[in-house]
Amino acid sequence: MSNVAPSRTRDLLELILGYGAIVCVIWLPEHLQRLASPFVLALTLLIVLERRQGRDDLGFGSRGLIASLWILPAALALSALSVFVAAKAGTLHPLYKGDFAHISGYVLWTIYQQFLLQDYFMARLLRLLSSESAAVTVAGVLFATAHLPNLTLTAATLVWGIVSCALFRRYRNLWALGLAQGLLGLCFAICVPDALHHHLRVGLGYLRYRGGQAGP
């Protein structure tokens, strides 16, 4: 458990700082994004680690791991169904980049997204808001709005954000959630036309997208 007693003011300031920094990076031009992204990721990581929580509290330990593993076959079944429907509808298409490095990098990023969502945002919202359901809902909304102006991805991440927060509250483990998000994201990328999700780009990258550009 944390050895640092949090205050509501500090939680609110960290919430605003973290979300503001992430949204700012999302809307930067790509060359500036590459420079700012490592700084923002390191900043949010250090803020979480400064609370001095253990691996189980952060969701990277063994607690809840076995109980949460059903999430992976459930995500796989949903992905298989989605691929079947997309194939019948004629929207199924290959990834723009289907190599191992690209896919593994994307999955690592989804694990880190779950870390940010649960350990950075949800943790602070639970202390700031009066009920757990309100914190879960607000966390899901923040997660979704970070994907604007990509409306199809925003809608999908709103549902997944709320569901994943509720699941984390139950199992307190990030591994299955992060891997499931990676699987579902890749499935979304090949089942929904690129013309709608622009290779899963968000922010300025979504607006500047032209067919054939690289993306997840």
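In this text the structure is predicted, and so the values were computed from the model without any measurement.

1. Considering a nonpolar patch on the surface
On the surface, Leu78, Leu81, Phe84 and Val85 cluster together into a nonpolar patch covering about 390 Å² of accessible area. The topology assignment puts Val85 in helix H5 (residues 71-89). Taking the relative accessible area as the measure of exposure, Val85 reaches 47% and is therefore partly exposed.

2. Here's the deal with the packing of helix H6 (residues 100-128) against helix H9 (residues 175-191)
Put simply, H6 and H9 touch, their axes get as near as 8 Å, and they point 130° apart. Between H6 and H9, the angle falls in the class oblique. When you trace H6 past H9, the crossing you get is right-handed. Taking contact as the criterion, the partners of Ile103, Tyr106, Val107, Thr110, Ile111, Gln113 and Gln114 in H6 are, on H9, Trp175, Leu177, Gly178, Leu179, Gln181, Gly182, Gly185 and Leu186. Each residue belonging to the contact of H6 with H9 can be placed in one class, and the counts come to eight nonpolar, seven polar and no charged.

3. Looking at the packing of helix H8 (residues 151-171) against H9
Where H8 meets H9, the axes come as close as 12 Å, and the angle between the chain directions of the two elements is 160°. In this view, H8 runs roughly antiparallel relative to H9, as classed from their interaxial angle. The way H8 lies across H9 gives a crossing that is right-handed. Residues Thr152, Leu153, Ala156, Trp160, Ser164, Leu167 and Phe168 of H8 form the contact with H9, whose own contacting residues are Leu177, Ala180, Gln181, Leu184 and Phe188.

Cut-offs used in this document
Residues numbered from 1 in each chain as written. Predicted model: local features only at pLDDT ≥ 70, side-chain atom pairs only at ≥ 80, totals over all residues. Heavy atoms only, no water. Patch = residues over 30% accessible without salt bridge, like charges linked within 9 Å, V, L, I, M, F, W, Y side chains within 5 Å. Areas by Shrake-Rupley, 256 points an atom, 1.4 Å probe, with all protein chains shown as cover. Salt bridge = Lys/Arg side-chain N within 4 Å of Asp/Glu carboxyl O. Helix = DSSP H or I, 4+ residues; strand = E, 2+ residues; numbered from the N terminus. Buried < 20%, exposed > 50% of the residue type's maximum accessible area, 1.4 Å probe, protein only. Axes fitted to C-alpha atoms, helices over the stretch in contact; angles between N-to-C directions. Parallel < 35°, antiparallel > 145°, perpendicular 65-115°, else oblique. Left-handed = near helix turned anticlockwise from the far one by under 90°. Contact = heavy atoms within 4.5 Å. Nonpolar A, V, L, I, M, F, W, Y, C, P; charged D, E, K, R; others polar.

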